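One-letter residues, chain by chain:
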Amino acid sequence: MRVVLQRVRRASVSVGGEQIASIGRGFLLLVGIGAEDAGDEVERLAEKVANLRLFPDPEGKTNLALTDVGGEILVVSQFTLYADSRKGRRPSWTAAAAPELAAERVEAFARSLEARGFAVRRGVFGAHMDVELLNDGPFTLVLDAGSL
């Protein structure tokens, strides 16, 4: 499981020209599920995201967590995080999980974050989405469950 976390001032997702979800200050999480993922990655990554201290304190040091600043989360599925572009010019996504499994795990991840007290908004799994964000920093992390 892979998550690209972006600290944002705001973010939104639209499908077919209609905005379906938006957040203010918080995290935009692009979430990819791998074909080899065992399932325990969901809780480990939710715990990591919930406790990361990525917001500045009054001295400007990144000492505050999402809960400290009342932040929100926007979860957007992104199978392309498992692209393999080592050969040729067209990426392969064979390392990505099957859509049914990926949809289930992305939703489990969002629910796990909600269970930790966060306001979580979602994109639409499998849809062509327009994602807009105002990156704060910019501050972007790549989290891979295999290295946690």
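Report follows, based on the coordinates.

About the cut-offs
Each chain carries its own residue numbering, running from 1 in the written order of its sequence. Side-chain atom pairs in this predicted model are given and counted only at pLDDT of 80 or more, local residue features only at pLDDT of at least 70, and totals for whole chains, interfaces and linings cover all residues. Hydrogens are left out, water is left out, and the side-chain values use all remaining heavy atoms of the structure. Using a 1.4 Å probe on the protein chains alone, a residue whose accessible area is under 20% of its type maximum counts as buried, one over 50% counts as exposed, and one in between counts as partly exposed. A run of H or I in DSSP counts as a helix once it spans at least four residues, and a run of E counts as a strand once it spans at least two, with each numbered from the N terminus. Throughout, the arc means that of the directions going from the helix axis to the C-beta atoms. Nonpolar cores are built from buried Ala, Val, Leu, Ile, Met, Phe, Trp, Tyr and Cys residues. Side-chain atoms within 4.5 Å join them into one set. Whether two residues are in contact is decided by their heavy atoms, any of which lying within 4.5 Å being enough. In this scheme Phe, Tyr and Trp rings, the latter by its six-membered ring, pair at centre separations within 6.5 Å, and the angle between planes marks the pair as stacked below 30 degrees, edge-to-face above 60, and tilted otherwise. Either the NZ atom of lysine or the CZ atom of arginine qualifies as a charge over a ring when it sits within 6 Å of the ring centre and within 35 degrees of the ring normal.

**A closer look at helix α1 (residues 41-51)**
Okay, so step 1: For α1, the full list of buried residues reads Glu41, Val42, Leu45, Ala46, Val49 and Ala50. Down the axis of α1, the buried side of the element spans an arc of 155°, and every buried residue falls inside it.

**As for the nonpolar core**
Okay, so step 1: Within the largest apolar cluster, 30 residues are counted, with the highest numbers of intra-cluster contacts made by Met1, Leu29, Val31, Val75, Phe109 and Leu113.
Okay, so step 2: Among the secondary structure elements, those contributing two or more residues to this core are β1 (2-15), β3 (26-32), α1, β4 (53-56), β6 (72-77), α2 (99-115) and β8 (129-144).
Okay, so step 3: Residues within four places of leucine 113 in sequence aside, it is in contact with Leu29, Ala46, Val49, Ile73, Val75, Phe118 and Val120.
Okay, so step 4: Counting residues in hydrophobic clusters, the runner-up holds 11 residues, among them Ala21, Ile23, Leu28 and Leu30.

**So, the packing of aromatic side chains**
Okay, so step 1: Under the defined criterion, the tally for this structure stands at 2 aromatic pairs.
Okay, so step 2: With 5.4 Å between their ring centres and 20° between their planes, phenylalanine 27 and phenylalanine 55 make a pair best called stacked. With phenylalanine 27 in strand β3 and phenylalanine 55 in strand β4, this pair connects stretches of sequence that are 28 residues apart.
Okay, so step 3: Using a relative accessible area of 0% as the deciding quantity, one classes phenylalanine 27 as buried.
Okay, so step 4: Summarising the aromatic geometry, the rings of phenylalanine 79 and tryptophan 93 are spaced 5.5 Å apart at their centres and angled 65° between planes, so their arrangement reads as edge-to-face. Within this pair, whereas phenylalanine 79 is found in the loop between β6 and α2, its partner tryptophan 93 is found in the loop between β6 and α2, the two being separated by 14 residues in sequence.
Okay, so step 5: Classification of tryptophan 93 by relative accessible area gives partly exposed; the value is 30%.
Okay, so step 6: Across the ring face of tyrosine 82, the terminal group of arginine 2 is positioned such that the distance to the ring centre comes to 4.1 Å.

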